[in-house]
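# Per-entry structural report
One letter stands for each residue in the lines below.
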Amino acid sequence: MASKRSSQECGKTEKKRKKKTCEETAELCVTLEEEQVKKSMKEAWSQKTHYSQGNLELDCHPFPHCIIRNFLSSETFVENLQKELLGLSFHEKSNDLYKFKQSDDLRRRTEPHIAGLRAALFGPFRSWLGEVLGAELESTVDISCAKYEHTDVLLCHDDELEGRRVAFILYLVPPWQSSDGGTLDLYTTDSNLQPQNVVKSLVPSLNTLILFEVSPVSFHQVSEVLTQDKCRLSLSGWFHGPSLDRPSRYIEPPVHRNPHLPRDETLLLEWINPAYLDISYQEQVQEEFEDSSEIQLKDFLKEEKFREVSEALRLTQIQWTKRGPPNKRCCETASLDTLPQCVSACWELLHSEAFFLLLSNFTGLRLHYLCPADDDDDDDEEKEGKEEGNQEKAGKGDKQTGEASGSSANTSREKELSTPVCCGELRRWSHGCYTLLHDGEAARAEYALDLVLPFGCADWQSEYGGFTCYVANEEDEELLTVYPENNSLALVYRDKETLKFVKHVNHKSSCDSTCREFYDFSFVYYE
């Protein structure tokens with residue numbers, strides 16, 4: 001028989017259920033309460049013109065964004081909000097686009113000042129913002145806390161995701177200078193709505209709220225935090241509502257691919273470590289590659305050749321061009337007609353017919369017509385049977401007809417096989433360089449063999465970035481990381497579901513004078 005609790009105990013339980021966490025009221029900037037300000041803001045926003053009144057400023061270059069200083073009217077509230085936020089648990093976040101620490105979503109946190117700010121944002125401020133924009137904003141608001149510390153960064157992006165209408169950031173930082181990094185950088189866009197250059201950098205300031213409409217041109221970044229002594233603490237998220245119209249996304253033209261250059265095996269003998277030209281060793285390499293679809297071949301070039309190219313890459317005659325757009329990449333590539341002779345010869349090596357055949361031997365991929373097709377061995381017995389049966393038929397026929405039939409079969413087989421091709425570039429990696437995953441790359445992903453051959457990275461540390469990550473498409477799963485290593489040829493075979501990026505090269509790389517930059521040849525080969 002179940003025991004009964006006393007009425008006194010039941011009363012205590014009921015009180016606990018009814019008890020609510022004390023919520024501190026967040027008083028907002030008094031400027032927001034003025035009807036004339038609201039009216040003027042609405043007009044300026046609709047006409048995309050500049051407006052400024054008290055602590056509030058609307059600037060429309062390069063896209064409309066609003067700055068509200070002293071957003072919370074109580075300094076004590078701000079101090080207590082900071083303390084509550086710093087007491088939260090933060091998770092490391094790192095991928096191609098960003099590196100920082102983030103809290104869980106704050107919509108259900110019960111700390112009094114976090115709850116008070118949330119109520120103010122979700123309630124009166126959302127109403128004010130909806131009136132200014134002339135849009136119905138939903139009651140649900142995404143909000144979380146982020147900590148950016150030394151070398152943390154959020155690279156160029158536009159925030160576009162279904163339902164996001166307005167992005168906001170509230171800074172809760174110590175005294176901050178532009179030299180500390182961590183600025184909110186705003187980009188101009190070109191005729192294809194692709195980001196071009198940073199034209200405005202907003203330095204974080206305590207109790208300042210910045211907001212902007214999420215649009216096809218709202219490209220921005222959080223620049224790398226350079227200070228080692230401060231934490232860039234902020235609250236950020238999105239107000240949801242009807243999205244702005246977006247034209248079709250720009251699709252970059254594909255990179256031009258070329259068949260091999262007609263160079264014979266003497267080029268291999270001149271450049272490549274003799275160990276890798278041994279047929280039995282090539283068979284070992286192929287066996288290992290077929291097990292894991294990747295391999296690193298150390299000391300690949302002859303030592304004297306590697307040293308010669310390494311020294312030539314530092315010559316000022318090479319013209320380097322920054323490649324963008326920054327929402328896809330930021331790296332430097334060499335103009336091929338400015339390369340010193342030995343660097344140009346190394347480029348030809350990787351592009352040569354002899355090298356295509358060598359890669360076939362390393363990987364088992366059909367990158368040369370002399371490489372047997374995958375099904376050749378399986379079909380041997382079937383072919384032998386057919387040949388025995390056909391010999392009698394062929395003997396009865398005209399000899400000339402038989403030769404013509406053989407020629408026709410060979411031609412047909414050649415047509416079935418595509419011509420192996422490649423594309424490549426010579427890259428220089430230094431502070432601020434990176435590549436990003438993007439929708440266009442995922443849509444056009446295909447089977448390919450990646451090759452990277454680095455130079456000048458003897459003292460390079462993994463903590464600097466600059467390494468290549470392979471990930472599964474639409475997943476966070478990291479499949480493989482390839483770190484730059486001098487004279488180590490990296491080969492990776494990827495399928496249509498595998499994408500790659502080069503991690504942002506951070507400030508640590510430029511702190512050590514011996515590790516400011518490195519170079520690599522990057523080629524992609526297609527069967």
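Up top is the structure.
What counts as what
Residues numbered from 1 in each chain as written. Predicted model: local features only at pLDDT ≥ 70, side-chain atom pairs only at ≥ 80, totals over all residues. Heavy atoms only, no water. Helix = DSSP H or I, 4+ residues; strand = E, 2+ residues; numbered from the N terminus. Contact = heavy atoms within 4.5 Å. 1 Å grid on protein atoms, 1.4 Å probe; cavity = no way out; pocket = protein on both sides within 12 Å on 5 of 7 lines; lining within 4 Å. Points joined across faces, edges and corners; volume = space filled by probe spheres on them. Nonpolar A, V, L, I, M, F, W, Y, C, P; charged D, E, K, R; others polar. Salt bridge = Lys/Arg side-chain N within 4 Å of Asp/Glu carboxyl O. Buried < 20%, exposed > 50% of the residue type's maximum accessible area, 1.4 Å probe, protein only. Pairing = 2+ DSSP bridges. Axes fitted to C-alpha atoms, helices over the stretch in contact; angles between N-to-C directions. Core = buried A, V, L, I, M, F, W, Y, C linked by side-chain atoms within 4.5 Å. Parallel < 35°, antiparallel > 145°, perpendicular 65-115°, else oblique. Polar contact = N/O pair within 3.5 Å; in protein donor to acceptor, adjacent residues only side chain to side chain. Expected span 1.5 Å × (residues − 1). Arc of directions from axis to C-beta. Patch = residues over 30% accessible without salt bridge, like charges linked within 9 Å, V, L, I, M, F, W, Y side chains within 5 Å. Areas by Shrake-Rupley, 256 points an atom, 1.4 Å probe, with all protein chains shown as cover. Lys, Arg positive; Asp, Glu negative; His and termini not counted. Charge placed at Lys NZ, Arg CZ, Asp CG, Glu CD. Phe/Tyr/Trp six-rings, centres within 6.5 Å; stacked < 30°, edge-to-face > 60°.

On to the overall build of the protein chain. Broken down by element type, the protein chain carries 13 helices and 24 strands. Within the protein chain, counting contacts between residues at least 6 apart in sequence, those at least 24 apart form 80% of the total.

Our next topic: empty space enclosed by the protein. In this approach a probe as big as a water molecule rolls over the atoms, and the regions it shows empty are the leftover space. Summed over the entire model, instances satisfying the criterion amount to 2 cavities of 30 Å³ or more. Put simply, the largest cavity is a space of about 100 Å³. Contributing to the lining of the largest cavity are 15 residues, with V452, T468, V482, P484 and D520 lying nearest its centre. Elements with a minimum of two residues in the lining of the largest cavity: β17 (421-430), β19 (448-455) and β24 (517-526). Looking at the lining of the largest cavity, its residues break down into 9 nonpolar, 4 polar and 2 charged. Reported here for the second largest cavity is a volume of approximately 40 Å³. Mapped by element, the contributors of at least two residues to the lining of the second largest cavity are β19, β20 (468-472) and β22 (489-494). Broken down by element, the residue count for the lining of the second largest cavity peaks at 3 residues, all from β19.

Once that is clear, we can look at the pattern of salt bridges. Inspection of every chain in the model, using the stated rule, returns 26 salt bridges. Where E485 meets K298, a salt bridge forms, and the shortest distance between an N and an O atom there is 2.9 Å. Of this pair, E485 sits in the loop between β21 (478-482) and β22 while K298 is found in the loop between β14 (294-297) and α7 (303-312), placing the two residues 187 residues apart along the sequence. The exposure class assigned to E485 is partly exposed, which follows from its relative accessible area of 31%. Judged by its relative accessible area of 42%, K298 falls in the partly exposed class.

Quick look at the sheet that holds strand β23 (residues 498-502) now. Taking strand neighbours across the sheet as the criterion, the 3 strands line up as β21-β20-β23 in an open arrangement whose pairing is antiparallel. Each edge of the sheet is formed by a strand with only one pairing partner; in this case those strands are β21 and β23. Strand-to-strand twist across the sheet, computed as the mean angle between neighbouring axes with direction ignored, equals 20°. Direction of pairing for β20 relative to β21: antiparallel, over a ladder of 4 bridges. Paired with C469 across the bridge in β21 is T481.

Attention now goes to the nonpolar core. By size, the foremost hydrophobic cluster in this structure holds 48 residues, and its most contacted members are M41, F71, L72, L85, F125 and L235. The element that contributes the greatest number of residues to this core is helix α4 (residues 112-133), accounting for 10 residues. Ignoring any residue separated from it by four or fewer positions in sequence, one finds F125 in contact with L28, L32, I68, F71, A120, L209, L211 and F239. I272, W320, F355 and L358 belong to the second largest nonpolar core, which has 46 residues in total.

This next bit is on unusual backbone geometry. That bond from H61 to P62 is cis: its omega, 5°, falls within 30 degrees of zero. With respect to the helices and strands, the residue P62 is situated in the loop between β2 (56-59) and β3 (65-68). Omega for the peptide link from G324 to P325 comes to -5°, which places this bond in the cis form. Assignment of secondary structure puts P325 in the loop between β15 (320-323) and β16 (329-334). Within the chain, N70 stands out as a residue other than glycine whose phi angle is a positive 50°. Here N70 shows up in the loop between β3 and α3 (75-86).

This brings us to the packing of helix α6 (residues 279-292) against helix α9 (residues 353-363). Remark: α6 packs on α9, axes separated minimally by 6 Å, with the N-to-C direction vectors making an angle of 60°. Relative to α9, the element α6 lies oblique. The segment α6 lies against α9, with Q282, V285, Q286, F289 and E290 engaging L358, S360, N361, F362 and T363. Of the residues in the contact of α6 with α9, the class split is 4 nonpolar, 5 polar and 1 charged.

With that out of the way, let us pick up the side chain of D142. You can see D142 is positioned in strand β6 (residues 141-148). Among the polar contacts made by the side chain of D142, one reaches the side chain of H240 at a distance of 2.7 Å. In this structure D142 touches D105, R107, F168, S236, G237, W238 and H240, once residues within four positions along its chain are discounted.

The calculated volume of the second largest pocket comes to roughly 1,100 Å³. If you trace the second largest pocket, you find 41 residues lining it, with V255, R323, R329, E441 and Y526 closest to the centre. Where the lining of the second largest pocket is concerned, the elements lending two or more residues are β16, α8 (341-351), β17, α12 (439-443), β23 and β24. Residue classes in the lining of the second largest pocket are distributed as 17 nonpolar, 11 polar and 13 charged.

Our next topic: α6. Compared with the 20 Å implied by 1.5 Å per residue over 14 residues, the 20 Å span of α6 between its first and last C-alpha is a close match. The complete set of buried residues in α6 reads Q282, V285 and F289. Looking straight down α6, one finds that the buried residues subtend no more than 60° of arc, so they occupy a single side. Looking at α6, the residues exposed on the side facing more than 90 degrees away from the buried face are E283, E287 and D291. At its buried positions, α6 is contacted by β14, α9, β19 and β22.

What follows covers the side chain of R165. Tracing the backbone shows R165 in strand β8 (residues 164-171). Judged by its relative accessible area of 8%, R165 is buried.

On the surface, a cluster of negative charge is made up of D439, E474, E475, D476, E477, D495 and E497. Tracing the sequence through the fold places E477 in the loop between β20 and β21.

So, on to the packing of aromatic side chains. Summed over all chains, the structure comprises 24 aromatic pairs. When the centroid spacing of 5.6 Å and the interplanar angle of 20° are considered together, the rings of F125 and W128 count as stacked. Within this pair, F125 and its partner W128 are both found in helix α4, separated by 3 residues, close to a single helical turn. Accessibility classification places F125 together with W128 in one group, the buried group. Aromatic side chains F168 and F239 sit 5.2 Å apart centroid to centroid with 50° between the ring planes, which places their arrangement in the tilted category.

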